[in-house]
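# Residue-level structure breakdown
One-letter residues, chain by chain:
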Amino acid sequence: MSALLTRNRLIGLAIAAFIAIIDQVVKWYVIGPLALRQVGNIDLLPFFDLTYTENRGISLGMLQATNMETRWLLVLMTAVIALVVLVWMLREKAMGDIFGLALILGGAVGNIRDRYDLGYVIDYADFHIGTFRPFLIFNIADAAITIGVVIILARSLFVRDKEETETSVPPPEKPDARPRGEPSDA
């Protein structure tokens, strides 16, 4: 196995592929067999519904793709970001970092596929407490990206890798080579 594709990195690529596939399968299910596009809303639990929406922007509805040029610009921008995440993941060694980046990559690929094929991202997960909605309507890809970012931030703030800790300890002081009792030159 080459140095680039270590066991952890291969696992990361598999996790990213799994997230992208599950995201696409669930989106197919909610617009296909559940016909959520036609129904609009399905009440599942007192705090969770399936609500169909087409997200033509990026996070929080910013950068709305209102024409073909902005659609393809968003596809290009998100593809470049996904490529950067892939390269970053292939440079990491620690499984915790690779896992977080894999979630981000898989979610990005799932949403890029929607935007490429449809011109928008299908969102359907509607978490709420009564009329209060702490999140916008989202999908599995969005959740994976968010969880991945939280993992990367938490690891960068709170986790120190073993080799980093070992190298940050100053070397022990060398004992003075002069015999005891001899005066120093200083």
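The structure we're discussing is the one just above.
For the structure given in this document, a descriptive report is provided here. (Residues numbered from 1 in each chain as written. Predicted model: local features only at pLDDT ≥ 70, side-chain atom pairs only at ≥ 80, totals over all residues. Heavy atoms only, no water.)

## As for the overall build of the protein chain
Check the secondary structure of the protein chain and you find six helices and three strands. When the helices and strands of the protein chain are placed in sequence order, the string is α-α-β-β-α-α-β-α-α. Here the contacts in the protein chain between residues at least 6 apart in sequence split such that 63% fall between residues at least 24 apart. Carbon and sulfur atoms make up 68% of the accessible area of the protein chain, which amounts to about 12200 Å² in all. (Helix = DSSP H or I, 4+ residues; strand = E, 2+ residues; numbered from the N terminus. Contact = heavy atoms within 4.5 Å. Areas by Shrake-Rupley, 256 points an atom, 1.4 Å probe, with all protein chains shown as cover.)

## Quick word on the sheet that holds strand 3 (residues 121–127)
Read across the sheet, three strands follow the order 1-2-3 without closing on themselves; strand pairing throughout is antiparallel. Strands at the two margins of the open sheet, each flanked by one partner only, are strand 1 (41–45) and strand 3. Strand-to-strand, the axes of this sheet are offset by a mean angle of 30°, without reference to chain direction. The pairing of strand 1 with strand 2 (residues 48–55) spans four bridges and is antiparallel. Each bridged residue has a counterpart across the sheet, and for Ile42 the counterpart in strand 2 is Leu50. Relative to strand 3, helix 1 (residues 7–31) is tilted by about 80°, and along the sheet it contacts strand 2 and strand 3. (Pairing = 2+ DSSP bridges. Axes fitted to C-alpha atoms, helices over the stretch in contact; angles between N-to-C directions.)

## Re unusual backbone geometry
Unlike most non-glycine residues, Ala35 shows phi in positive territory, near 50°. Inspection of the secondary structure assignment puts Ala35 in the loop between helix 1 and helix 2 (36–39).

## Concerning the packing of aromatic side chains
Two measures describe an aromatic ring pair: the distance that separates the ring centres and the angle between the ring planes. Overall, the coordinates contain five aromatic pairs when judged by the stated rule. Pairing Phe47 with Phe127 gives two aromatic rings, centres 6.2 Å apart and planes at 70°, and the pair type is edge-to-face. Remark: Phe127 occurs in strand 3 and Phe47 occurs in the loop between strand 1 and strand 2; sequence separation between them is 80 residues. You can call Phe47 partly exposed: its relative accessible area is 41%. With relative accessibility at 25%, the residue Phe127 sits in the partly exposed group. Judged by centre distance (5.8 Å) and plane angle (45°), the ring pair of Phe127 and Phe135 falls under tilted. Taken together through their ring pairs, the aromatic side chains of Phe47, Phe127, Phe135 and Phe138 make up a single cluster. (Phe/Tyr/Trp six-rings, centres within 6.5 Å; stacked < 30°, edge-to-face > 60°. Buried < 20%, exposed > 50% of the residue type's maximum accessible area, 1.4 Å probe, protein only.)

## What about the pattern of salt bridges?
By the definition in use, this model includes six salt bridges. Between Asp114 and Lys27 there is a salt bridge; the shortest N-O distance is 2.7 Å. Placement of the pair is Asp114 in helix 4 (residues 95–118) and Lys27 in helix 1, with a sequence separation of 87 residues. The residues Asp114 and Lys27 share a single accessibility class, namely buried. In this structure, Arg133 and Asp126 form a salt bridge, with 2.9 Å as the shortest nitrogen-oxygen distance. (Salt bridge = Lys/Arg side-chain N within 4 Å of Asp/Glu carboxyl O.)

## Side note on the nonpolar core
Most often, soluble globular proteins have nonpolar side chains that are buried together. One finds Met89, Leu101 and Leu105 to be the most contacted residues of the largest nonpolar core, which totals 16 residues. Breaking this core down by element, the ones donating at least two residues are helix 1, helix 3 (68–91), helix 4 and helix 5 (140–158). Element by element, the count of residues in this core is highest for helix 4, at eight residues. If near-sequence neighbours (up to four positions away) are discounted, Met89 is found in contact with Arg9, Gly12, Leu13, Ile98, Leu101, Ala102 and Leu105. Residues Val30, Leu50, Ile122 and Tyr124 belong to the second largest nonpolar core, which totals eight residues. (Core = buried A, V, L, I, M, F, W, Y, C linked by side-chain atoms within 4.5 Å.)

Just geometry here; none of it tells us what the structure is for.
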